[in-house]
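Secondary and tertiary structure notes
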Amino acid sequence: MEIAPFCEIEITGGPCPQPRPRATIRGGHASVYEAAADHRIHNWKAYLMVAAQKAMAGRAPVKFPVRAVVLFRMWRPDNPPRWLVNKDMKRENPQLWKRNVELWRQPDALIPHASRPDTSNLIKSVEDALNTIVWADDAQICDMPLRKRYCMHGEPPGVTLRAYEARFPWLG
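These numbers were taken from a predicted model, which means no experiment stands behind them.

Geometrically, the link from Arg-116 to Pro-117 is a cis peptide bond, its omega value of 0° lying close to zero. Locating Pro-117 in the fold gives a position in the loop between helix 3 (94-105) and helix 4 (119-130). Although it is not a glycine, Ala-57 sits at a positive phi angle of roughly 50°. Mapped onto the secondary structure, Ala-57 falls in the loop between helix 1 (40-56) and strand 4 (66-74). Of note, the phi angle at Thr-132 is positive, near 70°, even though the residue is not glycine. Structurally, the position occupied by Thr-132 is in the loop between helix 4 and strand 5 (141-143).

Here it is in structure tokens:
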């Protein structure tokens, strides 16, 4: 039996990774600082929070184990990424190179996004933004399949999240 998600969030707009804290030494004292107030991560998290509040429709954040299924759709440039087609590939295996170029040109091809930003920083911004709105704490997420791919032609960049109650058959 298929379990329905308790929360579904669909956001358009380029996903923004969580920047790492930075450290500096000034006047002999070490300090750590976060992203500047005008960094785009703050707008991205605010956008996520509004979408989450709308999806939760006034319900309290859940307190049970969560399975979150997440898809990041990244902007698709005109030219294919280097890992998909490169000079060495063209020389060593021209058939594979040609197949990959044709794959890139297909409007509905699902091509993995295997470059920056990395998935761990993208998901951290989502987890942090949805704390206290969808789940009480992101530590409740115990199962999280993640995908990061290029947009299909005509598809906007963004993120899709479906949150379910995590169920494990061995727990009864």
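Position of Pro-65 among the secondary structure elements: in the loop between helix 1 and strand 4. Residue class for Pro-65 comes out partly exposed when judged on its relative accessible area of 42%. Distance from Pro-65 to His-153, taken between C-alpha atoms, is 36 Å for residues 88 residues apart in sequence. Once you skip the residues sitting within four places of it in the chain, Pro-65 turns out to touch Gln-140, Cys-142, Tyr-164, Glu-165 and Ala-166.

Moving on: the packing of helix 1 against helix 4. Following both chains from N to C, one finds helix 1 and helix 4 inclined at 50°, their axes separated by 9 Å at the closest point. When the axis of helix 1 is compared with that of helix 4, the two are oblique. As for the relative orientation of helix 1 and helix 4, their crossing is right-handed in sense. Contacts between helix 1 and helix 4 involve Ile-41, Trp-44, Lys-45, Leu-48, Met-49 and Ala-52 from the former and Ser-125, Val-126, Asp-128, Ala-129 and Leu-130 from the latter. Looking at the contact of helix 1 with helix 4 residue by residue, the classes come out as 8 nonpolar, 1 polar and 2 charged.

Let us look at the nonpolar core. Core analysis: the biggest nonpolar cluster contains 28 residues, and Leu-130, Val-134, Trp-135 and Leu-161 have the highest contact counts within it. Those elements giving two or more residues to this core turn out to be strand 1 (7-12), helix 1, strand 4, helix 4 and strand 7 (158-165). Other than its neighbours up to four places away in sequence, Leu-161 contacts Cys-7, Glu-8, Ile-9, Ala-68, Val-69, Val-70, Val-126, Leu-130 and Trp-135.

Scanning the model with the defined rule gives 2 aromatic pairs in all. Taking 5.5 Å as the distance between ring centres and 85° as the angle between the ring planes, the aromatic pair formed by Phe-6 and Phe-64 counts as edge-to-face. With a gap of 58 residues between them, Phe-6 in the segment before strand 1 and Phe-64 in the loop between helix 1 and strand 4 connect regions that are remote in the sequence. For Phe-6, a relative accessible area of 14% gives the class buried. On the basis of relative accessible area, Phe-64 is assigned to the partly exposed category, the value being 27%. With a centroid separation of 5.1 Å and an interplanar angle of 85°, the aromatic rings of Trp-104 and Tyr-150 are classed as edge-to-face. With a gap of 46 residues between them, Trp-104 in helix 3 and Tyr-150 in strand 6 (residues 146-150) connect regions that are remote in the sequence. Across the pair, Tyr-150 and Trp-104 agree in class, each one buried. A cation sits over an aromatic face here: Arg-76 above Trp-104, 4.4 Å from the ring centre. Just above the ring of Trp-97 sits the side chain of Lys-90; from NZ or CZ to the centre is 4.5 Å.

Thresholds applied
Residues numbered from 1 in each chain as written. Predicted model: local features only at pLDDT ≥ 70, side-chain atom pairs only at ≥ 80, totals over all residues. Heavy atoms only, no water. Helix = DSSP H or I, 4+ residues; strand = E, 2+ residues; numbered from the N terminus. Buried < 20%, exposed > 50% of the residue type's maximum accessible area, 1.4 Å probe, protein only. Contact = heavy atoms within 4.5 Å. Axes fitted to C-alpha atoms, helices over the stretch in contact; angles between N-to-C directions. Parallel < 35°, antiparallel > 145°, perpendicular 65-115°, else oblique. Left-handed = near helix turned anticlockwise from the far one by under 90°. Nonpolar A, V, L, I, M, F, W, Y, C, P; charged D, E, K, R; others polar. Core = buried A, V, L, I, M, F, W, Y, C linked by side-chain atoms within 4.5 Å. Phe/Tyr/Trp six-rings, centres within 6.5 Å; stacked < 30°, edge-to-face > 60°. Lys NZ or Arg CZ within 6 Å of the ring centre and 35° of its normal.

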